[in-house]
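Results of the structural survey
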Amino acid sequence: MADIFGIGVDMVDIGRIAHLRERHGERLGGVVFRAEELDYCLAKPNPDESLAARFAAKEAVMKALGTGWTGGVTFLGIEVVRTGEGRPEIRLHGTTAETARRLGAGVIHLSLSHARDTAVAQVVIEKTVDAASAS
């Protein structure tokens, strides 16, 4: 069994994301969401549910890493992608990926869900093999 590096959970009000999207439009891309994430969500029948779930996922990753928005961890450095089977996964980029590696974070597990008004994400990060064997 893998050792746990960190666990994070976050809930987001879907209406809050709808308001941000109405107010800022595509400027959310390049600040909070990567272009691919924005394209995926905007193609959905209710894009705000998907955007809110991705926002929650990014916050949950920051919590699981234990960094918040510090140490080079950014919203754009955290991307939610879908596997060929449709399962959501986290992909880290740039300084966010470097920070996670330096801290000893390994495989990232993600679960997303949303109901009428709320989106939720849970993240579990395993320790890297080197970090797990050093403990």
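Residues numbered from 1 in each chain as written. Predicted model: local features only at pLDDT ≥ 70, side-chain atom pairs only at ≥ 80, totals over all residues. Heavy atoms only, no water.

**So, the overall build of the protein**
- The helix and strand inventory of the protein stands at 5 helices and 5 strands.
- Reading the protein from its N terminus to its C terminus gives the helix and strand order β-α-α-α-β-β-α-β-β-α.
- Taken over the C-alpha trace, the protein has a radius of gyration of 15 Å; the compact-globule value for 135 residues is 14 Å, and the two agree within 12%.
- If one aligns the C-alpha atoms of the protein with their principal axes, the spans along those axes are about 50 × 25 × 25 Å.
- Restricting the contact set of the protein to residue pairs at least 6 apart, pairs at least 24 apart contribute 58%. (Helix = DSSP H or I, 4+ residues; strand = E, 2+ residues; numbered from the N terminus. Rg over C-alpha atoms; globule rule 2.2 N^0.38 Å. Contact = heavy atoms within 4.5 Å.)

**Things to note about the packing of helix H2 (residues 35-42) against helix H3 (residues 47-65)**
- The N-to-C vectors of H2 and H3 enclose an angle of 145°; their axes lie 8 Å apart at closest approach. Only Pro 47, Ser 50, Leu 51, Arg 54 and Lys 58 of H3 make contact with H2, whose side of the interface consists of Glu 37, Leu 38, Tyr 40, Cys 41 and Leu 42. (Axes fitted to C-alpha atoms, helices over the stretch in contact; angles between N-to-C directions.)

**Examining the packing of aromatic side chains**
- Scanning all chains against the criterion turns up 2 aromatic pairs.
- When the centroid spacing of 5.2 Å and the interplanar angle of 25° are considered together, the rings of Phe 55 and Phe 75 count as stacked. In this pair, Phe 55 sits in helix H3 while Phe 75 sits in the loop between H3 and strand E2 (78-82), placing the two residues 20 residues apart along the sequence. Taken individually, Phe 55 and Phe 75 each receive the classification buried, so the pair is uniform in this respect. (Phe/Tyr/Trp six-rings, centres within 6.5 Å; stacked < 30°, edge-to-face > 60°. Buried < 20%, exposed > 50% of the residue type's maximum accessible area, 1.4 Å probe, protein only.)

**Notes on the pattern of salt bridges**
- Under the defined criterion, the tally for this structure stands at 5 salt bridges.
- Residues Arg 34 and Glu 79 are paired through a salt bridge, measuring 3.7 Å at the closest nitrogen-oxygen approach. Residue Arg 34 is located in the loop between helix H1 (14-24) and H2, and its partner Glu 79 is located in strand E2; the two are separated by 45 residues in the primary sequence.
- By relative accessible area, which is 24% here, Arg 34 ends up partly exposed.
- Across the pair Arg 87 and Glu 89 runs a salt bridge whose closest N-O atoms are separated by 2.9 Å.
- Owing to a relative accessible area of 31%, Glu 89 belongs among the partly exposed residues under this scheme. (Salt bridge = Lys/Arg side-chain N within 4 Å of Asp/Glu carboxyl O.)

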